[in-house]
Amino acid sequence: MTFAEQLQMYMTKLGISGRELAREAGISESTLSRYRSGERMPSSDEKKLRSFSEAMIRAAAVEELSLSADEIYNTFYDILGTGIEVSYETYLTNLHQLMEIMGIRSKELARELSFDPSYISRIMSGKRKPSELKAFNLQVVTLVSKKAKERGQEETLSILLRIPLDDLKNEKKCTDVLLDWLNTNTEKVALHPIRRLLREVEEIDLVDFFKSVNMDRVNQLVRPEVSVPKRQVAVGLSAILEIQVEFFRLSVLNRSNDPVFFYTDISVEEMAERAEFVKQYILGLSALLHRGLKIRIIQNVHRPLKDMLFILELHLPLYLTGQVEAYWLPKSHGELFTHQLWLSGGLALFGEAVTGHTDEGIHILTNHAKELQYARKRAERLMEQAQPLLQIYQPGEYDRVIADFAELLGQGNRSQSYSYLPAAFLKPEEIDLYMKKAGMPEEERELIIKRAVRRWNVMKKNSGNHHIRLFVPDLSREEFQKNPVVLSLADLGADLAVEYDYEEYRHHLSVIRKVVEGYKNVELVFSSGHLLRYVNLYLIHGKAVILTKSRSPLSCIVIRHPSLLRAFEEMMKGFYMDAKKGATNEKNDHI
């Protein structure tokens with residue numbers, strides 16, 4: 001029995017009104033209401049809990065009491081002796097969010113805490129509660145504190161907990177704040193959801209991604225059958241899943257090299273509930289990529305931000321292959337029905353359902369000529385209205401990147417966050433020395449030098465027109481040794497990262513500082529630690545955000561969607577405010 005259920009039973013048995021109990025216990029009626037609804041639980045502190053139990057006896061309205069304050073206290077303590085003061089559902093949500101933000105997977109948690117992985121899996125899925133929740137929580141927060149130090153994530157943790165970096169060095173204070181964090185509404189204190197998206201961008205490795213795709217299952221997916229029916233109709237979730245797998249299988253077998261088209265506006269909640277569908281969907285897309293086909297996906301972006309980001313994260317590895325094009329429709333779809341339209345060279349899958357009831361909808365897989373013609377026309381009309389959601393530039397497209405940068409950088413105020421310091425700030429001869437050190441051929445070095453000069457000219461041309469805020473990692477020697485910054489040439493279109501020592505890093509930083517001093521409208525914001533590790537972020541307010549990734553796969557992503565831009569701007573504003581609070585060096589005194 002939960003605390004809320006037990007409390008309600010006692011109040012009924014003793015004839016207690018909410019108003020009277022709140023008065024006797026010295027708490028507000030709204031707080032008591034949250035106790036009764038299960039949204040919150042009182043402290044398990046012995047003195048406070050005993051005082052609350054005695055208040056129930058004083059508030060009792062029946063003549064003959066069937067309970068004592070000690071009995072009430074003992075029952076409540078058995079329920080609350082867990083170390084959490086929120087509902088277990090809220091606690092579990094907080095725990096998931098903490099593990100996700102700190103990048104700690106279930107298997108790692110099990111290994112570090114010496115638990116069986118299946119036991120941790122049941123805890124994280126809500127199927128089981130830890131037998132000693134207080135002890136479990138202490139182990140978890142100790143692990144989080146340890147991993148934050150090992151991985152150089154102290155800044156992330158300080159932003160999450162809203163405490164100064166120096167306080168993280170106090171083990172007891174860090175532990176207490178983490179325990180309190182698990183006992184509160186994390187919506188108020190969690191990192192901005194865009195941070196999660198950026199972390200996904202940083203961590204994507206296409207080699208690892210395709211290794212994780214079970215190629216044996218891909219091969220099974222493309223195994224031909226003796227006969228292919230012209231038309232299949234599916235009703236119900238299991239039948240719809242089967243027909244979708246069939247679409248992928250037959251599209252891979254089809255000899256056509258036409259791009260494959262996907263549109264669906266099924267709710268994210270329904271997708272998340274259909275875990276097997278998500279697995280088969282990624283498997284099917286991987287099979288199409290393996291076949292060498294181009295893919296066009298129109299994403300439904302008229303969703304809450306967290307749902308939109310979930311969809312982006314799901315597709316990001318696929319986008320970075322360069323074979324998948326992402327689009328969005330400016331006009332919102334209707335809220336009453338959901339629709340699906342998938343189209344390949346000689347096959348169409350389309351269906352509809354009342355929103356929230358996909359299991360009752362109908363899906364049709366067909367290669368019938370008239371239905372195929374109908375599906376193609378619908379896809380064409382949708383593409384006429386669609387706009388690019390993301391622009392993905394591959395390493396060989398640097399000249400196009402520079403051209404677009406030159407256009408975008410002159411369009412508005414900018415915030416630029418560096419994880420690796422831009423090489424273009426250095427003199428050409430210095431860049432050349434680093435490239436020689438890495439063994440780069442002379443012809444390639446000359447090309448990079450030309451790009452660096454061109455990039456520098458673009459920066460100078462646009463630096464006087466708008467306010468520019470540069471976020472730069474200002475690391476101590478100890479921080480640098482833990483997580484060294486490299487000289488990356490990703491911003492110049494070269495897949496090269498040169499290790500340099502702490503003195504070389506400080507020299508590069510001093511060059512940037514000196515350059516900035518010559519521009520009144522350029523503001524340098526130093527941060528101890530990284531906002532990111534392998535991604536440089538260029539935000540042109542109200543216009544676009546440009547992400548350049550120095551870690552394989554080397555890529556450049558341009559986002560122009562208004563909702564995403566606003567989210568990036570909010571995140572950068574929050575990061576600026578945090579940097580402002582922590583500013584200690586002379587250059588930051590004015591921030």
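Above: the structure in question.
If you're wondering where the values come from, they're calculated on a predicted model, not measured in any experiment.

Asker: Give me the lowdown on the overall build of the protein chain, citing residues and values where you can.
Answerer: The number of helices and strands found in the protein chain is 25 helices and 17 strands. Each of the 591 residues in the protein chain was classed as buried or not, and the buried ones make up 50%. Nonlocal contacts in the protein chain, meaning residues at least 24 apart in sequence, comprise 76% of its contacts between residues at least 6 apart. Of the roughly 28700 Å² of accessible surface on the protein chain, a fraction of 49% belongs to carbon and sulfur atoms.

Asker: Kindly report on the sheet that holds strand S10 (residues 414-417), identifying the contributing residues and their values.
Answerer: Taken in spatial order, the 7 strands of this open sheet run S9-S17-S16-S15-S10-S11-S14, and their pairing is mixed. The strands lining the two open edges of the sheet, one partner per strand, are strand S9 (390-393) and strand S14 (522-527). Going across the sheet, the axis of each strand differs from the next one's by a mean of 15 degrees, ignoring polarity. Across 5 bridges, strand S16 (residues 544-549) lies against strand S17 (residues 555-559) in antiparallel orientation. Residue Val545 lies in a different strand from S17, and its bridge partner there is Ile559. Along the sheet face, helix H24 (residues 502-516) touches strand S11 (468-473) and S14 and points at about 150 degrees away from the line of S14.

Asker: Got a sec to walk through a negative patch on the surface? Specific residues and values, please.
Answerer: The grouping of Glu442, Glu443, Glu444 and Glu446 at the surface amounts to a negative patch. Within the secondary structure, Glu446 sits in helix H22 (residues 442-463). Under the relative-accessibility criterion, Glu446 is labelled partly exposed at 43%.

Asker: I'd love a proper account of the packing of helix H7 (residues 106-113) against helix H9 (residues 133-150), names of residues and values included.
Answerer: One can describe the packing of H7 onto H9 by two numbers: an axis separation of 11 Å at closest approach and a directional angle of 105 degrees. For the element pair H7 / H9, the angle class is roughly perpendicular. For the pair H7 and H9, the contacting residues are Glu108, Leu109, Glu112 and Leu113 in the first and Phe136, Gln139, Val140, Leu143, Lys146 and Lys147 in the second. Considering only residue class, the contact of H7 with H9 consists of 5 nonpolar, 1 polar and 4 charged.

Asker: Before we move on, could you go through the nonpolar core and cite the residues and values that matter?
Answerer: Ranked by size, the top nonpolar core spans 62 residues in total, and within it Phe262, Tyr281, Leu288, Leu389, Leu537 and Phe568 carry the most contacts. Setting aside residues no more than four positions away along its own chain, Phe568 makes contact with Ile194, Leu198, Leu537, Leu539, Val545, Leu547 and Ile559. Counting residues in hydrophobic clusters, the runner-up holds 47 residues, among them Tyr434, Ile468, Phe480 and Tyr505.

Asker: An account of the side chain of Arg249 is requested, with residue identities and associated values reported.
Answerer: With respect to the helices, strands and loops of the structure, Arg249 is situated in helix H15 (residues 237-253). Side-chain polar atoms of Arg249 contact the side chain of Glu246, separated by 3.1 Å.

Asker: Describe the pairing of S14, listing the residues and the values that go with them.
Answerer: Counting buried positions along S14 yields 6 of 6 residues, so the element is predominantly enclosed. Burial along S14 is two-sided: Val522, Leu524 and Phe526 facing one way and Glu523, Val525 and Ser527 facing the other are all buried.

Asker: Can you lay out the environment of Ala403 for me, pointing to particular residues and giving the numbers?
Answerer: Position of Ala403 among the secondary structure elements: in helix H20 (residues 398-409). For Ala403, a relative accessible area of 39% translates into the label partly exposed. Ala403 sits 55 residues away from Val458 along the chain, and the two C-alpha atoms are 9.8 Å apart.

Asker: Describe the packing of aromatic side chains, with residues and values.
Answerer: Here the structure, examined in full by the defined rule, presents 21 aromatic pairs. Between Phe350 and Tyr374, the aromatic rings sit 5.7 Å apart at their centres with planes inclined by 75 degrees, giving edge-to-face as the arrangement. One end of the pair, Phe350, is in strand S6 (residues 347-354); the other, Tyr374, is in helix H19 (residues 369-385), and 24 residues separate them in sequence. An aromatic cluster is defined as three or more aromatic residues linked by ring pairs; in this entry it consists of Phe247, Phe248, Phe262, Tyr281 and Trp342. Arg50 extends its terminal NZ or CZ atom over the ring of Tyr73, reaching a point 4.0 Å from the ring centre.

Asker: Now, about a nonpolar patch on the surface: what can you tell me, with residues and values included?
Answerer: A grouping of Val233, Val235 and Ile362 is seen on the molecular surface, where their side chains present a nonpolar patch of about 250 Å² in accessible area. Relative to the helices and strands, Val235 is located in strand S1 (residues 231-235).

Asker: Quick one: what's the story with the sheet that holds strand S3 (residues 295-299), residue by residue and with numbers?
Answerer: Whether parallel or antiparallel, the strands of a sheet pair through hydrogen bonds between backbone atoms. The strand order across the open sheet built from 8 strands is S1-S7-S6-S5-S2-S3-S4-S8, with neighbouring strands paired in mixed fashion. Only two strands of the sheet have a single neighbouring strand rather than two, namely S1 and strand S8 (387-388). Here strand S5 (residues 337-344) pairs with S6 via 8 bridges, running antiparallel. Bridged to Thr338 within S6 is Ala353. H19 contacts S1, strand S2 (260-264), S3, strand S4 (324-328), S5, S6, strand S7 (362-366) and S8 of the sheet and is inclined by roughly 105 degrees relative to S5.

Asker: Provide a residue-level description of the side chain of Ser256, including the pertinent values.
Answerer: Inspection of the secondary structure assignment puts Ser256 in the loop between H15 and S2. The class for Ser256 is buried, based on a relative accessible area of 19%. Non-local contacts of Ser256, meaning those with residues more than four positions away in its chain, are made with Arg291, Leu293 and Gly345.

Cut-off values and rules
- Residues numbered from 1 in each chain as written.
- Predicted model: local features only at pLDDT ≥ 70, side-chain atom pairs only at ≥ 80, totals over all residues.
- Heavy atoms only, no water.
- Helix = DSSP H or I, 4+ residues; strand = E, 2+ residues; numbered from the N terminus.
- Buried < 20%, exposed > 50% of the residue type's maximum accessible area, 1.4 Å probe, protein only.
- Contact = heavy atoms within 4.5 Å.
- Areas by Shrake-Rupley, 256 points an atom, 1.4 Å probe, with all protein chains shown as cover.
- Pairing = 2+ DSSP bridges.
- Axes fitted to C-alpha atoms, helices over the stretch in contact; angles between N-to-C directions.
- Patch = residues over 30% accessible without salt bridge, like charges linked within 9 Å, V, L, I, M, F, W, Y side chains within 5 Å.
- Salt bridge = Lys/Arg side-chain N within 4 Å of Asp/Glu carboxyl O.
- Lys, Arg positive; Asp, Glu negative; His and termini not counted.
- Charge placed at Lys NZ, Arg CZ, Asp CG, Glu CD.
- Parallel < 35°, antiparallel > 145°, perpendicular 65-115°, else oblique.
- Nonpolar A, V, L, I, M, F, W, Y, C, P; charged D, E, K, R; others polar.
- Core = buried A, V, L, I, M, F, W, Y, C linked by side-chain atoms within 4.5 Å.
- Polar contact = N/O pair within 3.5 Å; in protein donor to acceptor, adjacent residues only side chain to side chain.
- Phe/Tyr/Trp six-rings, centres within 6.5 Å; stacked < 30°, edge-to-face > 60°.
- Lys NZ or Arg CZ within 6 Å of the ring centre and 35° of its normal.

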